[in-house]
Every structure is written in structure tokens, then in C-alpha cells.
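# Descriptive analysis of the structure
What follows is the residue order along each chain.
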Amino acid sequence: MLPSSAIKRAALEAGFDIAGICPACEPPHYSAYLSWLQGKFHAGMAYMARSKVLRSSPESLLPGAKSILAVGLNYNQNPPRNTNAKISRYALGRDYHKVIRKKLKQVARWAEAEYEGLQTRICVDSAPILERDYAWLAGLGWFGKNTCLINTKRGSWFFIGLLLLDKEFEPDAPTEGSCGSCRKCIDACPTGALVFENGSKVAVLDSKRCISYLTIEHPRGFRHGEERLLNGWIFGCDVCQEVCPFNQPREHQPLRATITKETDFIPKREIISIEPEELVGISDAEFLDKFKGTSLMRAGAGRMRRNALALIATRGGEKAK
């Protein structure tokens, strides 16, 4: 078994804020994920069900995988509040997939040169892997009631990236932590997307009521009344994280709610100045030219036009078409 201190140090030197190692085992919450799918909580995200077999083992992505390096990158911002079209703070700058992948490539190159014969595989959240499970096992954080991974010292404003490794490294201990009796995220969710099934004490995310799902992943137009669920958001939603006590500044916790040092996440003017009326008539080509390289490309021009129409309709303007 190889010591893990050097590869974790390489991750921090690449710009990540936290790093840990865990075994490349079956994800501990795989059965809960299957139950979530069975309950149809994934809504229109059919890919979540199609990839369920791949998500059962990291070896489906890297044959012979033995360890996983999990990393976290702070993306917290204090964005100017555009009340006409609110955008999740993770999407205010450059597309995080590109940022994390670039940094993990740097770590992978170092590791492959350091450990002869080492094979690696980079995974961001677009890969079919339950990344929060491995980040938890690697000591990055614990599961909050809002389903986010929470780091007691830092909060939950961080992205997760994984580097699969086909050599065995010393693992870190899984993180321990709890929300206790707090349910601020559940009470604050504008749409009641965090639900308890069959008397369970653990909330699950009902995607079809989640504003992030509705604005980004929802594949069709909104049915009558659905546009009111957006609550002013045009891309994503931060409510369940904004109210979380672990994301509030504390004098004895200097790392909590700190602003990211990653320059790629600095809010782009063209994003923070978005107005729904501007998006209604934007062409696909214009959208690509303006927002290429940002997370808004995940929704694309068509869904952003749909969202803009919905926001206009809910404040008494044009009726959503």
C-alpha cells in the first residue's frame, strides 16, 4: 500500500482546497440510489437509470481501480443579486467541469510520473459514478439533510472531483457529522423538493419539484402553473445551501463561507446581467457566442428561453408559450 500524503499534497498544489483518499469499493449508498430511481425521483433524467450498472463499481470506469483521490474546490461567491433572473452561484463563472478537469490532469500527470505503471481516470459529475459517496469515504464531508456534502469547517460550497487510481493508497477515514435537529433547508425549499418517504428520517430529493432540475434538466415546456415553481430562478437554485448554518460565517470557523480564490469562478458580466426579456429572443448562435464555456450551456438556448418566458409570465408580463 502506497502512502497517500504526497498525492494529496499534489492535489492541494494544483489548487484544490481539500483532498482525501478512499478505496475504490462499491458505493456505500448504492442501494439508496436504486431506491431513489425506483421511486421515480430522478424525473426526466433517464441517464441516471441507464447508467445504474456503471455506477455500481469504479472498475466500470477504470478496470483494476483500487483507490480514489477525492478533491474539493470552493466556488462560493457573493454575487450581485439579479432579482429578475437569479442564477446559482456555481454557474456565475467558467464551467466547473473544465476547471476541475484541468487541475486533475495536472495531478494525474504528476502521479503517473511518480508511480511507475499507474493508470488513472478523471471523473467530474458528468461521469457515471456516485461521487459524493467517495468524497464522504475520503473524508471531505458528510451528507446533510439537503443531500449536499457538508464539510464541518468549510460548509458545502465546493465542487467534487475524483481521480481513479489502479494502485492502492493509504485511505483516509470517512467523515462524521450531522445536521442534528436542524431542518432549515427543508423548511426553506420553495417547492418542497426535500421529502421524507415511508417515515424515513433521511430526506430525499424529488427532482421533479427541484428548481435546479426544472431550470436545467427538465426536457419539456412547463405545464400550467409549473412556471410558478421557479421562484425567480432562471438557472439552478441555492436556497437550501444559503440557509444552512454550516454556510454562515463564524468567528471560530474562518474557512466557512469564504469566497473562492479560483479566478475562473469570478462572475462573468454577461451572466450576472442577464434579463429574461433579453433571453426570450436570443438565437441558438447568439447564445453559444455569449455563453460558451459556462455552465449555462448545460441548459442550452431553448431551455433558457423557456425559463425566461416563465419568469416573465409569473410577474404579470407575457404569458409563457
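Presented here is a report on the structure given in the accompanying data block. (Residues numbered from 1 in each chain as written. Predicted model: local features only at pLDDT ≥ 70, side-chain atom pairs only at ≥ 80, totals over all residues. Heavy atoms only, no water.)

Another aspect to go through is the overall build of the protein chain. Regarding its fold elements, the protein chain presents twelve helices and ten strands. Its C-alpha atoms give the protein chain a radius of gyration of 20 Å, within 12% of the compact-globule value 20 Å for 321 residues. Overall, the C-alpha framework of the protein chain stretches about 65 × 45 × 45 Å when taken along its three principal axes. Going through the 321 residues of the protein chain one by one, you find that 50% of them count as buried. Long-range contacts, defined as pairs at least 24 residues apart, comprise 74% of the intrachain contacts of the protein chain with a sequence gap of at least 6. (Helix = DSSP H or I, 4+ residues; strand = E, 2+ residues; numbered from the N terminus. Rg over C-alpha atoms; globule rule 2.2 N^0.38 Å. Buried < 20%, exposed > 50% of the residue type's maximum accessible area, 1.4 Å probe, protein only. Contact = heavy atoms within 4.5 Å.)

For the rest of this paragraph, the subject is the nonpolar core. Core analysis: the biggest nonpolar cluster contains 65 residues, and Phe16, Leu69, Ile234, Phe235 and Leu296 have the highest contact counts within it. The biggest single contributor to this core is helix 4 (residues 96-114), with seven residues. If sequence neighbours within four positions are ignored, Ile234 has contacts with Ala85, Lys86, Ile87, Thr215, Leu279, Met304, Asn307, Ala308 and Leu311. In terms of nonpolar packing, the next biggest core, distinct from the first, is built from 21 residues, Ala127, Ile129, Leu149 and Leu162 among them. (Core = buried A, V, L, I, M, F, W, Y, C linked by side-chain atoms within 4.5 Å.)

Next up on the list: helix 4. Counting along an α-helix, one turn takes 3.6 residues, and residues three or four places apart therefore face a common direction. The terminal C-alpha atoms of helix 4 lie 27 Å apart, and with 19 residues this matches the ideal 27 Å at 1.5 Å per residue to within 8%. Buried within helix 4 are the following residues: Tyr96, His97, Val99, Ile100, Lys103, Leu104, Val107, Ala108 and Ala111. End-on, the buried residues of helix 4 take up no more than an arc of 165 degrees, which puts them together on one face. Opposite the buried face of helix 4, at more than 90 degrees from it, the exposed residues are Lys102, Arg109 and Ala113. Against the buried residues of helix 4 lie helix 1 (5-13), strand 2 (67-74), strand 4 (120-123) and strand 7 (158-165). (Expected span 1.5 Å × (residues − 1). Arc of directions from axis to C-beta.)

This brings us to unusual backbone geometry. Phi is positive for Asn231, which is not a glycine, with a value near 50 degrees. With respect to the helices and strands, the residue Asn231 is situated in the loop between helix 7 (211-217) and strand 10 (233-235). Positive phi, close to 60 degrees, is recorded for Ala257, a residue that is not glycine.

Further remarks concern the pattern of salt bridges. For the structure shown, the criterion picks out 13 salt bridges. The partner of Arg89 in a salt bridge is Asp238, and the shortest N-O contact between them spans 3.7 Å. With Arg89 in the loop between strand 3 (86-87) and helix 4 and Asp238 in the loop between strand 10 and helix 8 (239-242), the pair connects residues that are 149 residues apart, well separated along the chain. Since its relative accessible area comes to 10%, Arg89 is described here as buried. One salt bridge in this structure joins Glu262 and Lys103, with 2.9 Å as the shortest N-O distance. Taken as a pair, Glu262 in the loop between helix 8 and helix 9 (269-272) and Lys103 in helix 4 lie far apart in primary sequence, 159 residues in all. Here Glu262 and Lys103 have matching classes, each one buried. Each of Arg89, Asp238 and Glu242 takes part in salt bridges that share partners, so that together they form one network. (Salt bridge = Lys/Arg side-chain N within 4 Å of Asp/Glu carboxyl O.)

Glancing now at the pairing of strand 2. Counting buried positions along strand 2 yields eight of eight residues, so the element is predominantly enclosed. Burial along strand 2 is two-sided: Ser67, Leu69, Val71 and Leu73 and Ile68, Ala70, Gly72 and Asn74, pointing in opposite directions, are all buried. The sheet contact formed by strand 1 (residues 18-23) and strand 2 spans six bridges and is antiparallel. Within the sheet, the bridge partner assigned to Ala19 lies in strand 2 and is Val71. Sheet analysis places strand 2 next to strand 7, joined by eight bridges and oriented antiparallel. Within the sheet, the bridge partner assigned to Leu73 lies in strand 7 and is Phe159. (Pairing = 2+ DSSP bridges.)

What follows deals with the sheet that holds strand 4. What links the strands of a sheet is backbone hydrogen bonding, and the strands pair in either a parallel or an antiparallel sense. A sheet is described by the order of its strands in space; here four strands give the open sequence 1-2-7-4, paired in antiparallel fashion. Edge strands, defined here as strands with exactly one partner in the open sheet, are strand 1 and strand 4. When the angles between neighbouring strand axes are averaged without regard to direction, this sheet yields 20 degrees. Here helix 1 sits on the sheet in contact with strand 1, strand 2 and strand 7, set at roughly 145 degrees to strand 1. (Axes fitted to C-alpha atoms, helices over the stretch in contact; angles between N-to-C directions.)

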